[in-house]
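Structural features, examined
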Amino acid sequence: MPGLTPGGDLRVLVLGGTTEGRELAAACAGHPELHTVTSLAGRTGRPVPIAGRVRIGGFGGVDGLVDFLRDERIGALVDATHTFAATMTEHAVAAARRTGVPLLMLRRPGWRERPGDRWTRVPSLTAAATALRGRHSRVFLTTGRQGIGVFTGLDRCWFLARSVEPPLPPMPARMTVILDRGPFTVAGERDLMTGHRIDVLVTKDSGGADAKLSAARDLGVPVIMVDRPSPPPGVPAAATVDQAMDWLRAV
Ligand code: NAP
């Protein structure tokens, strides 16, 4: 690959936990000169298999990540964590700055509102909870297991929460949990929302597969969309695995 020293290998740390991280590791596996270590936080007990080496668990803050980058002689760092994993991203930026290891953000694009959508954009999960306050709603909550505690105290709402792993307390008293992992179909999402008489969907602007948004549009169900945190300034970004591979070629 161009960009590599002759005969040299590139060790790539992929901060993962996303489909893109997994796909990047798979793409790198086709290049013998690229050696990936994918790092997972260890939040899920049944991670999907990943090509290349995998390590699990936090690094122990910025200092731990700096040590890892140095000890493992990492030549490129790709932050492919979920858009809402803001702390890990902050640590990646700080560690890259301290070590001089080139950093790329790999982020799938956010969702765009389409004709027929009824979205309200809010800046945070707390703001989403505020938007629900005082409403008698049957809420489909797809914001993940973390942070569900902000929805406690909304006594007039009933929640259908879907996550890969069970949410941890505190959580709303009137809540049914479905443990499931996508991909989901539009028809399946429509049936789920109709069956539970959902009248509002709450989601983070994660981007990617959007069956629930299509179903909400079809059913006229309003959506409370939690905006993404701002990307770190001055860090190169890729929206696709192909773009990330181009960046790795140029490192
Ligand atoms: P976070 O708040 O940004 O990170 C909290 C701490 O978890 C970090 O300081 C780090 O611990 C550890 N950590 C996070 N991602 C890691 C990784 N890939 N490898 C090693 N350690 C990691 O992150 P989060 O929102 O809890 O998300 C955790 C993981 O779940 C991420 O990998 C993310 O891609 C995935 N995920 C998150 C969401 C979401 O909505 N937030 C959704 C889907 C998947 P140390 O400080 O000890 O290094």
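Below or above, wherever it landed, is the structure these notes cover.

Thresholds, definitions, all that
Residues numbered from 1 in each chain as written. Predicted model: local features only at pLDDT ≥ 70, side-chain atom pairs only at ≥ 80, totals over all residues. Heavy atoms only, no water. Helix = DSSP H or I, 4+ residues; strand = E, 2+ residues; numbered from the N terminus. Rg over C-alpha atoms; globule rule 2.2 N^0.38 Å. Buried < 20%, exposed > 50% of the residue type's maximum accessible area, 1.4 Å probe, protein only. Contact = heavy atoms within 4.5 Å. Areas by Shrake-Rupley, 256 points an atom, 1.4 Å probe, with all protein chains shown as cover. Lys, Arg positive; Asp, Glu negative; His and termini not counted. Charge placed at Lys NZ, Arg CZ, Asp CG, Glu CD. Pairing = 2+ DSSP bridges. Right-handed = clockwise from strand over helix to strand, strands pointing away. Salt bridge = Lys/Arg side-chain N within 4 Å of Asp/Glu carboxyl O. Near = heavy atom within 4 Å. Polar contact = N/O pair within 3.5 Å; in protein donor to acceptor, adjacent residues only side chain to side chain. Nonpolar A, V, L, I, M, F, W, Y, C, P; charged D, E, K, R; others polar.

Helix and strand counts for the protein chain come out as 7 helices and 12 strands. Against the 2.2 N^0.38 benchmark of 18 Å for 251 residues, the protein chain shows a C-alpha radius of gyration of 20 Å, consistent with a compact globule. When the 251 residues of the protein chain are sorted by exposure, 45% land in the buried category. Within the protein chain, contacts between residues separated by at least 24 positions form 62% of all contacts whose residues are at least 6 apart in sequence. Here the protein chain displays about 12,200 Å² of accessible surface, and carbon together with sulfur accounts for 53% of that area. When the 31 positive and 24 negative side-chain charges of the protein chain are each reduced to one mean point, those points stand 5 Å apart.

Here strand 4 (residues 76-79) shows no split at all, with Ala76 and Val78 on one side and Leu77 and Asp79 on the other all buried. In terms of strand pairing, strand 4 meets strand 5 (residues 103-106) through 3 bridges, oriented parallel. In the sheet register, leucine 77 faces strand 5, and the bridge partner there is leucine 103. The β-α-β motif built from strand 4, the intervening helix 3 (residues 86-99) and the parallel element strand 5 has right-handed crossover chirality.

Within the secondary structure, proline 236 is located in the loop between strand 11 (223-226) and strand 12 (237-238). As for proline 236 and threonine 87, which are separated by 149 residues in sequence, their C-alpha atoms are 18 Å apart. For proline 236, the contacting residues outside a window of four places in its chain are Leu103, Leu104, Met105 and Trp247.

Summed over the entire model, instances satisfying the criterion amount to 12 salt bridges. The partner of glutamate 20 in a salt bridge is arginine 108, and the shortest N-O contact between them spans 2.9 Å. Residue glutamate 20 is located in helix 1 (residues 19-29), and its partner arginine 108 is located in the loop between strand 5 and strand 6 (119-122); the two are separated by 88 residues in the primary sequence. There is no split in this pair, since glutamate 20 and arginine 108 are both buried. A salt bridge links glutamate 72 to arginine 53; its shortest N-O distance comes to 3.0 Å. Within this pair, whereas glutamate 72 is found in the loop between helix 2 (61-71) and strand 4, its partner arginine 53 is found in strand 3 (residues 53-56), the two being separated by 19 residues in sequence. Glutamate 72 sits in the buried class, given a relative accessible area of 17%.

Time to look at the site of the ligand. Taken together, 23 residues surround the ligand, and among them Ser39, Phe59, His82, Met88 and Lys204 come closest. Residue serine 39 places a side-chain N or O atom 2.7 Å away from a nitrogen atom belonging to the ligand. In this structure, an oxygen atom belonging to the ligand sits 2.7 Å away from a main-chain N or O atom of phenylalanine 59. Mapped by element, the contributors of at least two residues to the shell around the ligand are strand 2 (34-40) and helix 3. The greatest single-element share of the shell around the ligand, amounting to 4 residues, is contributed by helix 3. Grouping the amino acids of the shell around the ligand by side-chain chemistry returns 7 nonpolar, 13 polar and 3 charged.

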